[in-house]
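# Observations on chain architecture
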Amino acid sequence: MQPVTDSSVVSKVVPTRVAILGAGRGGTALLDLLHLIPSIEIVGISDRDPGAPGLVRAKNLRIPVTGRIEELVYNDGVNLIMDVTGDPDVERFVQLHKRPETEILSGSAARVLWELVRHEANLQAELFHAEKLAGIGSFAAGIAHDINNPLQLIMGLAENLAEETDLKAVHEQAREIIEAVRRTSAISRDLTQYARKTSARDETIVLLNNRLDEALKIARYAVSFHDITVHKAYKESAAARGNPDEVLHLLVNLITNAVQAMEQGGGTLTLATEQSAGAVTLQITDTGCGIGPAVLQQLFEPFFTTKAPGKGTGLGLYNVKTIVSKMRGKIDVESGVGKGTTFRIRFPSVTENET
Amino acid sequence: MGEFTSGFFMGDGATNGRVLVVDDEADIRKVVRMTLQKAGYDVLEAENGEKAIETINAGENRLLLDILICDIRMPKINGVEAIAYFRANYPRVPVIVLTGFPDADMATSMLRQGVVDYLVKPVEGEKLRESVARAMEQRELAHL
């Protein structure tokens, strides 16, 4: 077994300790990006408006929040102040009262920076969406199968009803038609929900077991589950904080890969969740072909793919890792060639976040 | 493996022919059965390629099967593999593909392998019966 983790950045750099002044759109965009960078520590964020959106977000990220800008300006743990309030009074105050060794990024410089950050966030959202849509291209066979089979049933029953004289059979078959229509309409509902563009900021508590079941349903369009046994080992009410649509996207990617790894000869797909002190773990295990050490090293790199041209974007696992990082999680892989692969994701537990 | 015409064995009260329907969905097998029974065919069912091969090799089916109607996307032995088996071992049994996926490449490849018709669900009863009737004619011509 070859374990690999995503902690490729081993940082010996002295962290930049940042205070963010202003928790509006600019402050929120900065938070979203800066908290992902290991060499940056966000000491705190401040806004005089207690309802500013960035303050709620900071609480979820477990970043200290204060209503008093002065507290952060005087804080001797801070070596960079980022002022995105756009308020000339704040700017003057910071210039006058900051400690001499603390640097300032403010005014139009700060504005340019957060515009860049927001641009980057939008690009990332576009990338998620593009990769998801590319994946949906492979759903065609599954969708056709799932729509045309009930249509055949409906056609056959309706043709029979046109001649049927036994009233009991008429009632029975009419019910079957209604049931087949319901099943078919669920397909477009599932898929339109999955295909929609996600708003990157919609963070909430995500019930992982529910997402796994949903992802299983979606993945069935992408890959054939024939000869595959699905085993679920769920810990009740396992939850993490994140965007439910992004979690679904991540899980569809992992499940699809797992099933594709078992294309030759079938196998067992195990979906597991566990909850321990401070962390929730999600595991997706297949008994498929496994991943060789050379591929394992490059697994999460953008545009890396082992699939045939036109079959994969090379962005699936890259996006999986990005989503996990956004949720402050960690992903690692264990694989043995010919034995199978386990993707293990650890998220901070929700109960701890909530307090 | 020898083959005989089904007509050879037909006695009084015989059907118009014996058709094996291979599809993993019981609903599909049911409506195809309903549709073909109305036209006087005797219908056998199998839920995948493996069962289809078992069925044709069981008892008198080997001798009496006239037509195979086969789905493509199925568990165990899928349609492509099952059809290859039937074409190799029972070349005189015409094969009709009845699939949920309109795939031109697959259709071309199937027709090249000697499949007599490639039907995409949902297919109207009349069209299915016509296709089976045409296949029956071919089956009989093959024995002249």
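Residues numbered from 1 in each chain as written. Chains lettered and ligands numbered in written order. Predicted model: local features only at pLDDT ≥ 70, side-chain atom pairs only at ≥ 80, totals over all residues.

## Some remarks on the packing of helix α1 (residues 25-34) of chain A against helix α5 (residues 107-136) of chain A
All names here are of chain A. Where we set the bar: Fitted lines through C-alpha atoms give the axes, limited to the stretch in contact for helices. The angle between two N-to-C directions lies from 0 to 180 degrees. Only runs of H or I of at least four residues qualify as helices and only runs of E of at least two qualify as strands under DSSP, and these elements are numbered from the N terminus. Roughly parallel means an angle under 35 degrees; roughly antiparallel means over 145; roughly perpendicular covers 65 to 115; every other angle is labelled oblique. If you view the pair so one helix is near and one far, a crossing is left-handed when the near helix is turned anticlockwise from the far one by less than a right angle, and right-handed when it is turned clockwise. C-beta atoms are placed from the backbone for every residue, and two residues are taken to be in contact when these atoms lie within 7 Å. Under the grouping applied here, Gly and all other residues not named as nonpolar or charged are polar, the nonpolar ones being Ala, Val, Leu, Ile, Met, Phe, Trp, Tyr, Cys and Pro and the charged ones Asp, Glu, Lys and Arg.
Relative orientation of the contacting elements α1 and α5 amounts to 60°, with a least axis distance of 9 Å. As summarised for this structure, α1 and α5 are arranged oblique, according to the angle between their axes. With respect to the hand of their crossing, α1 and α5 are arranged in left-handed fashion. Where α1 approaches α5, its residues G26, A29, L30, D32 and L33 are matched on the opposing element by R111, W114, V117, R118, E120 and A121. Per-class residue counts for the contact of α1 with α5 are six nonpolar, one polar and four charged.

## Brief notes about the nonpolar core
Note the cut-off: A set of buried Ala, Val, Leu, Ile, Met, Phe, Trp, Tyr and Cys residues, joined to one another through C-beta atoms within 7 Å, is what we call a nonpolar core. Labels follow a simple rule on C-beta atoms placed from the backbone: if 20 or more others lie within 10 Å of a residue's own, it is buried; if 12 or fewer, it is exposed; otherwise it is partly exposed.
Counting 43 residues, the largest nonpolar core has A:L208, A:A215, A:A219, A:L251, A:L254 and A:I255 as its most contacted members. At the level of secondary structure, the elements contributing two or more residues to this core comprise α8 (208-222), β9 (239-242), α9 (244-261), β10 (267-276), β11 (279-286), α11 (316-326) and β13 (340-348) of chain A. Ranked by residue count, the leading element in this core is α9(A), at nine residues. Counting 39 residues, the second-largest nonpolar core is a separate cluster that includes A:L153, B:L20, B:V31 and B:I67.

## A closer look at the sheet that holds strand β4 (residues 95-99) of chain B
Residues and elements named next belong to chain B. As a reminder, the rule being used: One bridge is not enough; two strands pair if DSSP finds at least two bridges between them.
Within the open sheet, the five strands sit side by side as β2-β1-β3-β4-β5. Their pairing is parallel. Each edge of the open sheet is held by one strand with a lone partner, namely β2 (41-46) and β5 (117-120). For this sheet the average axis-to-axis angle between neighbouring strands, irrespective of direction, equals 20°. In this sheet, β5 lies alongside β4 in parallel orientation, the contact comprising four bridges.

## Description of helix α3 (residues 49-56) of chain B
In an α-helix there are 3.6 residues to a turn, and that puts residues three or four apart on one side. Put simply, the rule is: The arc in question is traced by the directions running from the helix axis to the C-beta atoms.
For α3(B), the complete set of buried residues consists of B:G49, B:A52 and B:I56. Buried residues of α3(B) fall within an arc of 55° about the axis and therefore sit on the same side.

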